[in-house]
Amino acid sequence: MQAALVSIITPCYNSEKFIAQTIRSVQSQTYTHWELLIVDDCSTDGTKQIVKDFMEDDPRVTFHQLRKNSGAGVARNLAVEMAGGKYIAFLDADDLWMPEKLEKQVNFMQSNHLPFTFSFYDCIDEDGNPLQKRIEAPKTLRYIQLFFCNFIGNLTGIYDVEYFGKIPISGIRKRQDWMVWLTVLKKIRKAKPIPESLAFYRVRRDSISASKFTLLQHNFAVYRLFHKFSVFTSLVCMCGFLFVQLMVKPMYTRKLNQ
């Protein structure tokens, strides 16, 4: 039997510094039956040409461009609409996968009859140097835990399209990944990660994660706009979110040996 196709969703914007490394990390996968759908949000640098150079040698890599700058959510949505795989996976244009990432996750899902899984991941700096930090998650992640903290790294999640259908990406500018995983766990109630690191998350100085206050604003928007809670209820949820961030999530951040 032919292996199931995995559709990899990669939005990008002015990603010429990192996109080649990201594509190579996909091409290095031991699981080879994939398609990489790169959707560009009107970059003004050399991103398009870099991707097209890869396309000449690898038809599994495709490039699509939005007509106007609309945000990563819109770019992801377009890629999801075009995806032809049984599985959908996500990889941002500056992150990397370990070579056995797809093979291990697909085998894990199929052998355990799971429609969704994710993994741990390591952090690297802008130059690709290890930050000696691994982000882990509960061995069984329940909806209520995810409700107060996004334990799932976007670069590690894979879901089964035949089980969930194609999950639409929110038009909210940030935290779309959290909303996707909330949609997943609201249906299946709990999820199991592969308890090992399979990817590298690039920590960038100009990323949204670099601004804690801005991140809190976007998290509040999830409670207010996605869950459609009142302002008061959203504020109460934010108190729970802050408690988990300060008291619980640090237990799942592990320092690696120098």
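Reading the values: the criteria
Residues numbered from 1 in each chain as written. Predicted model: local features only at pLDDT ≥ 70, side-chain atom pairs only at ≥ 80, totals over all residues. Heavy atoms only, no water. Helix = DSSP H or I, 4+ residues; strand = E, 2+ residues; numbered from the N terminus. Rg over C-alpha atoms; globule rule 2.2 N^0.38 Å. Buried < 20%, exposed > 50% of the residue type's maximum accessible area, 1.4 Å probe, protein only. Contact = heavy atoms within 4.5 Å. Areas by Shrake-Rupley, 256 points an atom, 1.4 Å probe, with all protein chains shown as cover. Lys, Arg positive; Asp, Glu negative; His and termini not counted. Charge placed at Lys NZ, Arg CZ, Asp CG, Glu CD. Right-handed = clockwise from strand over helix to strand, strands pointing away. Pairing = 2+ DSSP bridges. Axes fitted to C-alpha atoms, helices over the stretch in contact; angles between N-to-C directions. Core = buried A, V, L, I, M, F, W, Y, C linked by side-chain atoms within 4.5 Å.

### Thoughts on the overall build of the chain
On a plain count of helices and strands, the chain comes out with nine helices and 13 strands. At 18 Å, the chain has a C-alpha radius of gyration in line with the 18 Å of a compact globule built from 258 residues. Put simply, the chain has 258 residues, and 50% of those count as buried. Restricting the contact set of the chain to residue pairs at least 6 apart, pairs at least 24 apart contribute 79%. In the form shown here, the chain has an accessible surface area of approximately 12,600 Å², with 55% of it arising from carbon and sulfur atoms. Charge-centre separation for the chain: the mean point of 33 positive side chains lies 10 Å from the mean point of 25 negative side chains.

### Some details on the pairing of strand 2 (residues 34–40)
Burial within strand 2 is extensive, with seven of its seven residues counted as buried. Burial along strand 2 is two-sided: the face carrying W34, L36, I38 and D40 and the face carrying E35, L37 and V39 are both buried. Where the polypeptide runs from strand 1 (residues 6–12) across helix 1 (residues 19–27) and back to strand 2, its parallel neighbour, the crossover connection is right-handed. Traced from strand 2 through helix 2 (residues 47–57) to strand 3 (residues 61–65), the parallel crossover comes out right-handed.

### Quick notes on the sheet that holds strand 2
Taken in spatial order, the six strands line up as 3-2-1-4-10-6 in an open sheet, and their pairing is mixed. Strands at the two margins of the open sheet, each flanked by one partner only, are strand 3 and strand 6 (116–117). Most of the contacts of helix 1 go to strand 2, to which it runs at about 165 degrees, and overall it touches strand 1, strand 2 and strand 3.

### A few points about the pairing of strand 4 (residues 87–90)
Of the two faces of strand 4, both are covered, the one formed by Y87 and A89 as well as the one formed by I88 and F90. Note that strand 1 and strand 4 share four bridges and pair parallel. Each residue of the ladder has a partner; that of I8, found in strand 4, is A89. The pairing of strand 4 with strand 10 (residues 158–160) spans three bridges and is classified as antiparallel. By the bridge assignment, A89 is partnered in strand 10 with I158.

### Description of the sheet that holds strand 5 (residues 96–97)
Reading across from one edge, 5-12-7-8-13 is the order of the five strands in this open sheet, with mixed pairing throughout. Two strands bound the open sheet, and with one partner strand each, they are strand 5 and strand 13 (253–255). As judged from the five bridges shared by strand 7 (residues 119–124) and strand 12 (residues 194–202), these two strands associate in the parallel manner. Bridging across to strand 12, C123 finds its partner in Y201. Sitting on the sheet, helix 4 (residues 101–112) is in contact with strand 5, strand 7 and strand 12, with an inclination near 145 degrees to strand 12.

### A look at the side chain of S234
Tracing the sequence through the fold places S234 in helix 9 (residues 231–248). Not counting residues within four places of it along the chain, the set of residues in contact with S234 comprises F220, Y223, R224 and F229.

### Notes on the nonpolar core
Residues F116, Y159 and W181 are the most contacted members of the largest nonpolar core, which totals 42 residues. Elements with a minimum of two residues in this core: strand 2, helix 3 (72–82), strand 4, helix 5 (143–148), helix 6 (161–164), helix 7 (176–188), helix 8 (212–226) and helix 9. The biggest single contributor to this core is helix 7, with eight residues. Look past the residues within four positions of F116 in its chain and what remains in contact with it is M109, I152, G157, I158, Y159, F164, W181, V184, L185, I188, A191 and K192. With 30 residues, the next largest nonpolar core counts V6, V26, A93 and L155 among its residues.

Function-wise, these values are silent; they only describe arrangement.
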